[in-house]
Amino acid sequence: MADRPLIGVSTYLESGARWGVWELEAALLPAGYPRLVQRAGGLAAMLPPDDPERAAATVARLDGLVIAGGPDVEPVRYGAEPHPRTGPPARARDAWELALIEAALAARVPLLGICRGMQLLNVALGGTLVQHLDGHAEVVGVFGRHPVKPVPGTLYAAAVPEETAVPAYHHQAVDRLGAGLVPTAYAQDGTVEAVELPSAESWVLGVQWHPEMGDDVRVMQALVEAAATDSPIKTRSTRTSPSGV
């Protein structure tokens with residue numbers, strides 16, 4: 001691609017990160033994310049938490065959006081009480097990333113949700129989450145692998161048509177699907193591992209695993225290819241904010 005599509009990736013916001021002699025608050029992202037975007041042919045841009053009111057103007061400058069993995073979505077976002085195993089909230093991320101998702105859906109900007117990002121996509125569309133399940137994060141701090149099987153005829157199956165082992169680390173999952181979402185891949189235990197919006201007018205996919213921790217670029221490549229394709233609905237001029245961000 002002569003002009004690499006600009007792919008925004010949401011980031012963590014941590015109170016204390018260490019590098020060199022420093023320990024400071026930091027907006028950060030595991031290097032696997034930008035590297036995967038780059039390997040797939042895109043240009044990666046980090047999107048740290050910001051005022052949700054700026055989400056639409058931010059998305060207008062992007063060709064594609066990735067909502068990264070991270071902490072549990074706060075249960076209040078889907079009308080539930082916290083489970084004892086649910087982690088502490090990341091309210092700034094929740095608010096910012098929900099606004100980014102809503103803006104991307106409204107503007108029909110290609111969207112990929114990864115792990116937490118898939119769960120947040122489901123919540124943004126009115127769905128709920130299973131707050132704890134076993135077997136998908138077996139060793140603390142270590143990514144495991146398990147097979148996922150695609151549903152034929154879906155966006156995910158178009159990118160990855162065969163059953164494949166994926167890197168995963170999560171203890172929550174989709175429960176009730178959000179409006180319009182359909183499941184497009186499953187784990188062997190029946191856990192929904194991918195969801196998408198089946199629309200010819202937009203490219204929206206969520207995967208429960210972490211493609212940035214593996215060697216398979218096909219999911220990210222599908223996003224980048226969708227981001228590189230202008231249409232009468234989604235032209236570059238409509239994605240450019242005249243007033244800036």
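These numbers come from a predicted model, not from an experiment.

## As for helix H4 (residues 116–124)
Phase 1: In terms of burial, H4 is largely enclosed, as 8 of its 9 residues are buried.
Phase 2: Taken together, the buried positions of H4 are occupied by Arg116, Gly117, Met118, Gln119, Leu120, Leu121, Asn122 and Val123.
Phase 3: Phi for Gly126, located one or two positions after H4, is positive at around 90 degrees.

## Describing the packing of aromatic side chains
Phase 1: By the definition in use, this model includes 1 aromatic pair.
Phase 2: Relative to Trp209, the ring of Tyr156 lies with its centre 5.4 Å away and its plane at 65 degrees, an arrangement referred to as edge-to-face. One end of the pair, Tyr156, is in helix H5 (residues 155–159); the other, Trp209, is in the loop between strand E13 (204–207) and helix H6 (218–228), and 53 residues separate them in sequence.
Phase 3: Its relative accessible area of 1% is what places Tyr156 among the buried residues.
Phase 4: One cation-aromatic arrangement involves Arg93 over Tyr12; the distance from NZ or CZ to the ring centre is 4.8 Å.

## Concerning the side chain of Glu196
Phase 1: Along the chain, Glu196 falls in strand E12 (residues 192–196).
Phase 2: No salt bridge forms around the buried Glu196; measuring N to O, its nearest opposite-charge neighbour Arg218 is 14 Å away.
Phase 3: A distance of 3.2 Å separates a polar side-chain atom of Glu196 from the backbone nitrogen of Tyr156.
Phase 4: For Glu196, the side chain forms a polar contact with the side chain of Thr184, separated by 3.4 Å.
Phase 5: Those residues in contact with Glu196 that sit more than four places away from it in its chain are Thr154, Leu155, Tyr156, Gly180, Leu181, Val182, Thr184, Val204 and Leu205.

## Examining the nonpolar core
Phase 1: Core analysis: the biggest nonpolar cluster contains 32 residues, and Leu112, Trp209 and Met220 have the highest contact counts within it.
Phase 2: For Leu112, the residues in contact, after removing those within four places along its chain, are Leu65, Val66, Ile67, Trp203, Leu205, Val207, Val219, Met220 and Leu223.
Phase 3: Among the nonpolar cores identified, the runner-up in size contains 28 residues, and Leu47, Val73, Leu100 and Leu111 belong to it.

## Re the pattern of salt bridges
A side chain with one charge may pair with a side chain of the opposite charge, provided their charged atoms come close.
Phase 1: This structure, assessed with the given rule, holds 8 salt bridges.
Phase 2: Residue Arg18 is joined to Glu23 by a salt bridge in which the shortest nitrogen-to-oxygen separation is 4.0 Å. Pair check on accessibility: Arg18 and Glu23 agree, each one exposed.
Phase 3: The closest approach of N and O atoms between Glu97 and Arg93, which form a salt bridge, is 2.7 Å. Highlighted residues: Glu97 and Arg93, both in helix H3 (residues 91–107), separated by 4 residues, approximately one helical turn. Comparing Glu97 with Arg93 shows no difference in burial state: the two are buried.
Phase 4: Salt bridges here are not isolated pairs; linked through shared partners, they connect Arg93, Asp94, Glu97 and Arg116.

## Describing a nonpolar patch on the surface
Phase 1: Together, Trp19, Val21, Trp22 and Leu24 line one region of the surface with nonpolar side chains, adding up to about 480 Å² of accessible area.
Phase 2: Within the element layout of this structure, Leu24 appears in strand E3 (residues 22–28).

## Quick notes on the environment of Ile67
Phase 1: Looking at the element boundaries, Ile67 is found in strand E5 (residues 64–67).
Phase 2: Using a relative accessible area of 0% as the deciding quantity, one classes Ile67 as buried.
Phase 3: Measuring from C-alpha to C-alpha, the distance between Ile67 and Thr11 comes to 8.1 Å, with 56 residues separating the pair along the chain.
Phase 4: Among residues more than four places away in sequence, those in contact with Ile67 are Ser10, Glu97, Leu100, Ile101, Leu111, Leu112, Gly113, Ile114, Gly117 and Leu120.

Quick notes on the rules
- Residues numbered from 1 in each chain as written.
- Predicted model: local features only at pLDDT ≥ 70, side-chain atom pairs only at ≥ 80, totals over all residues.
- Heavy atoms only, no water.
- Buried < 20%, exposed > 50% of the residue type's maximum accessible area, 1.4 Å probe, protein only.
- Helix = DSSP H or I, 4+ residues; strand = E, 2+ residues; numbered from the N terminus.
- Phe/Tyr/Trp six-rings, centres within 6.5 Å; stacked < 30°, edge-to-face > 60°.
- Lys NZ or Arg CZ within 6 Å of the ring centre and 35° of its normal.
- Lys, Arg positive; Asp, Glu negative; His and termini not counted.
- Salt bridge = Lys/Arg side-chain N within 4 Å of Asp/Glu carboxyl O.
- Polar contact = N/O pair within 3.5 Å; in protein donor to acceptor, adjacent residues only side chain to side chain.
- Contact = heavy atoms within 4.5 Å.
- Core = buried A, V, L, I, M, F, W, Y, C linked by side-chain atoms within 4.5 Å.
- Patch = residues over 30% accessible without salt bridge, like charges linked within 9 Å, V, L, I, M, F, W, Y side chains within 5 Å.
- Areas by Shrake-Rupley, 256 points an atom, 1.4 Å probe, with all protein chains shown as cover.

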